[in-house]
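Summary of the model geometry
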Amino acid sequence: MAVWDLSVNVEELGEEAPPLKISVTSDLHIGGVILKIVEKTEIKKDWSDHALWWEQKQQWLLKPAWTLDKCGIHADARLYLTPQHKPLRLVLPNLLTLRLRVCFSSPVFRTVIGICKLLNIRHPEELSLLRPVEEKKKKKQKGDEEEVYDITSAPLPTGSIIKLANGMPAFFAESPEMESVYKMLSVSQPAPPPETITKMYRPTSKVDKAQVNGRWLDSSRSLLQQGVKEGDKLILRFKYYSFHDLAPQFDAVRLTQLYEQAKWAILLEEIDCTEEEMMLFAALQYHIGKVSTTEQLVASCPAMDDLDSALQCLEVKMEAETSAEEMLETMTAPELHDYLKLFRPKKQTLKKYKQFWFTFKDTSISYYKSKEESCKEPIQQMNLKGCEVAPDVSVAAQKFCIRLLIPEPEGMNEVYLRCDNEQQYSKWMAASRLASKGKTLADASYSSEVQSIQSFLAMQKTTPGNKTVQSDESINTHSLVSPRYQKKYKPKQLTPRILEAHQNVAQLSLTEAILKFLQIWQALPDFGLSYFVVRFKGCRKDEVLGIANNRLIRIDLSVEDVVKTWRYNTMRQWNVNWDIKQVAIEFNGNVNIAFSCVTADCKIVHEYIGGYIFMSTRSREQNDTLNEELFHKLTGGHEAL
């Protein structure tokens, strides 16, 4: 076979060094090429992490047994011999910046697994990497330099990482500096000064929020293929809002970072909440800041964990034995009956709320003129399956309303139900939430849902007559609330309100407080929605698509409100036309939608939908095994098939 010259640039020889020329034949394999180059450099070192990068084709040559001919490499190829793991600056959810070595040659999905392994974060499939916003070139002022903590001395995540008894990877224990970095990862950081918060970017509309989601990296391609260079800055965030198996005893870093991401989402107004909720979030932040100096995250309680797993087994057993019971249950299924007030904003009537007799059966609400009429035909029956449920509550004003957006063929039917008191509200709200997921009042989770709503309302109660609230001058109130409330209230007005709310949570341990914060965040109506500006097929204007862990929602920008909801459990298939960059989805009942993406690549939207479906396939049994192949099948582009 003909011998020809191949030029290879070697990173170790420096940027200015000319490429090395080696004589090869087309049947030489990639491993042999690397061996020849290494011998020619005469540098004695460990080359095991090095691989060849093919510049023109933007691809790694990672199969050492493949020949040059099989790879399609000729004499004009520009090859680089470079390490696969390179340093990167990584901004964590708590805004700490680390410098660490990550894999530039594997798909981003695998790279994130490696990062999470180093930082001791379980379930890495829930996280991903974002590009930062391009910073405007401005004069650097003194003190503007961000602090970067270097952990490049850590072992490569390719091997196994030794952990200490408390779950901390052993390399963090090698020096006091490294140990303090791990503490920053696993302990909530004190709030920054209010000026820092006001300077930070805050999205003001759904379109602004959609811009952020255009910056996610593609999980099925490597960092180098996506133009990320050594030393660049990337952001690590929880991408999929379905958190599997949170266990405080193993998840110190994961829980802390999740809490920090939730905290910043609230402080930067990325998610809306009411004023009462904001005071409760502020009180919990204040409390967490206070107790995290003395406490550590611990298991909630071993007995509770056993109870938890016993209940889970029981639930699985019960599910398997439902045929006969199911028939009995439907015959004797529990129902709710009561007088509630109803209001429909769409109907332009002067009178707002009108009283009716309501019954809640299975997943439907029916209402009648009065209790006596309930044996006749109802005025209307509304099936809540697939509807959007949101609270409209002010404990102080004794207002307990449930806002329902019920899917209908021509759009969403908006209905408000007003309850008289907390007890009534908790029952009907819990029933509505379950019905929206297709569950009935007979479901095992109904009573716990009622209790969690009641405990949340109890936390928002204030006791104005109670003068024992100590004034704490050291409390930095403006760092605990979003800028909207910083403008609305002076610190001396905020402090007593936050301390008042704090009385309801003061007895919580650190673990309970963080879990409570996350629970309230997850109960917000807009929780877990990732927005994209899209254009639906046949429409002339841009609209917003919200993607959540169980549904897609369509938002009309002119009114900034939901006009349609589609649930994943009614989805039959979805596909992407990569040529015209259009996503098409088919649902049960011959419902077809198609849209093109305006603010993000359609691969990102495709990956979100496939990713959520992948998240729903995880089970408690195969807790530590991650089916990477299935993830790529569900989220990969045409090149993955």
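Conventions adopted
Residues numbered from 1 in each chain as written. Predicted model: local features only at pLDDT ≥ 70, side-chain atom pairs only at ≥ 80, totals over all residues. Heavy atoms only, no water. UniProt positions renumbered as here; feature names shortened; annotations may be inferred. Axes fitted to C-alpha atoms, helices over the stretch in contact; angles between N-to-C directions. Helix = DSSP H or I, 4+ residues; strand = E, 2+ residues; numbered from the N terminus. Parallel < 35°, antiparallel > 145°, perpendicular 65-115°, else oblique. Contact = heavy atoms within 4.5 Å. Nonpolar A, V, L, I, M, F, W, Y, C, P; charged D, E, K, R; others polar. Buried < 20%, exposed > 50% of the residue type's maximum accessible area, 1.4 Å probe, protein only. Pairing = 2+ DSSP bridges. pLDDT = per-residue confidence, 0-100. Phe/Tyr/Trp six-rings, centres within 6.5 Å; stacked < 30°, edge-to-face > 60°. Lys NZ or Arg CZ within 6 Å of the ring centre and 35° of its normal. Expected span 1.5 Å × (residues − 1).

The protein chain appears in an unreviewed UniProt entry as FERM domain containing kindlin 3 from Astyanax mexicanus. Recorded under Sequence similarities (unreviewed entry), the UniProt text for the protein chain is reproduced unchanged: "Belongs to the kindlin family."

Here's the deal with the packing of helix α8 (residues 275-291) against helix α14 (residues 491-503)
Their axes nearest at 8 Å, the elements α8 and α14 cross at an angle of 75°. The angle between the axes of α8 and α14 places the two elements in the roughly perpendicular class. On the side of α8, the interface is formed by Glu275, Met279, Leu280, Ala282, Ala283, Tyr286, His287 and Lys290, while α14 contributes Leu494, Arg497, Ile498, Leu499, Ala501 and His502. Grouping the amino acids of the contact of α8 with α14 by side-chain chemistry returns nine nonpolar, two polar and three charged.

Quick look at the pairing of strand β3 (residues 50-54)
The element β3 is extensively covered by neighbouring structure, given that five of its five residues are classed as buried. Side chains His50, Leu52 and Trp54 of β3 all project onto a buried face; the interleaved residues Ala51 and Trp53 project onto the opposite face, where all are buried too. Where β3 lies against strand β5 (residues 79-83), five bridges are found, and the strand directions are antiparallel. When the sheet's bridge partners are listed, tryptophan 54 is paired in β5 with leucine 79. Direction of pairing for β3 relative to strand β4 (residues 59-61): antiparallel, over a ladder of three bridges. Residue pairing in the sheet places tryptophan 54 in a bridge with glutamine 59 of β4. Between the end of β3 and the start of β4, which pair antiparallel, lie four residues, with glutamine 58 showing a positive phi angle near 50°.

Some words on the confidence of the model for the protein chain
Atomic detail in the predicted coordinates should be set aside for any region of low pLDDT. Averaged over every residue, the pLDDT of the protein chain is 86; the share at 70 or more is 88%. Every residue in residues 465-469 scores below 50 in pLDDT, and together they form six contacts with partners more than four places removed in sequence or on other chains.

Comments concerning the side chain of asparagine 213
Summarising the element assignment, asparagine 213 is placed in the loop between α6 (206-212) and β10 (233-238). Other than its neighbours up to four places away in sequence, asparagine 213 contacts Ser530, Tyr531, Phe532, Ala600, Ile604 and Tyr608.

Some points on the packing of aromatic side chains
Scanning all chains against the criterion turns up 29 aromatic pairs. Ring pairs connect the aromatic residues Trp216, Tyr240, Phe532, Tyr608 and Tyr612, which therefore count as one cluster. Between the NZ or CZ atom of lysine 239 and the centre of the ring of tyrosine 608, over which it lies, the distance is 5.0 Å.

Let's talk about the environment of leucine 634
Along the chain, the position of leucine 634 falls in helix α17 (residues 628-635). On the basis of relative accessibility, which here comes to 18%, the residue leucine 634 falls in the buried class. Put simply, leucine 634 and glycine 610 are 24 residues apart on the chain and 4.8 Å apart in space, counted from C-alpha to C-alpha. For leucine 634, the residues in contact, after removing those within four places along its chain, are Trp574, His606, Gly610, Ile613 and Phe614.

A look at the sheet that holds strand β23 (residues 582-587)
The strand order across the open sheet built from seven strands is β21-β20-β19-β18-β24-β23-β22, with neighbouring strands paired in antiparallel fashion. Strands with a single pairing partner mark the edges of an open sheet, and in this sheet they are β21 (561-567) and β22 (571-577). Each strand axis lies, on average, 35° off the axis of its neighbour in the sheet, ignoring direction. Both strand β20 (residues 551-556) and β21 contribute to a ladder of six bridges, which runs antiparallel. Looking across to β21, one finds that leucine 552 is bridged to tryptophan 566.

As for α14
The terminal C-alpha atoms of α14, which comprises 13 residues, lie 18 Å apart, in line with the 18 Å expected from a rise of 1.5 Å per residue. Every buried residue of α14 is accounted for by Leu494, Thr495, Ile498, Leu499, Glu500, Ala501 and His502. The inward-facing, buried residues of α14 abut α8 and α13 (483-488).

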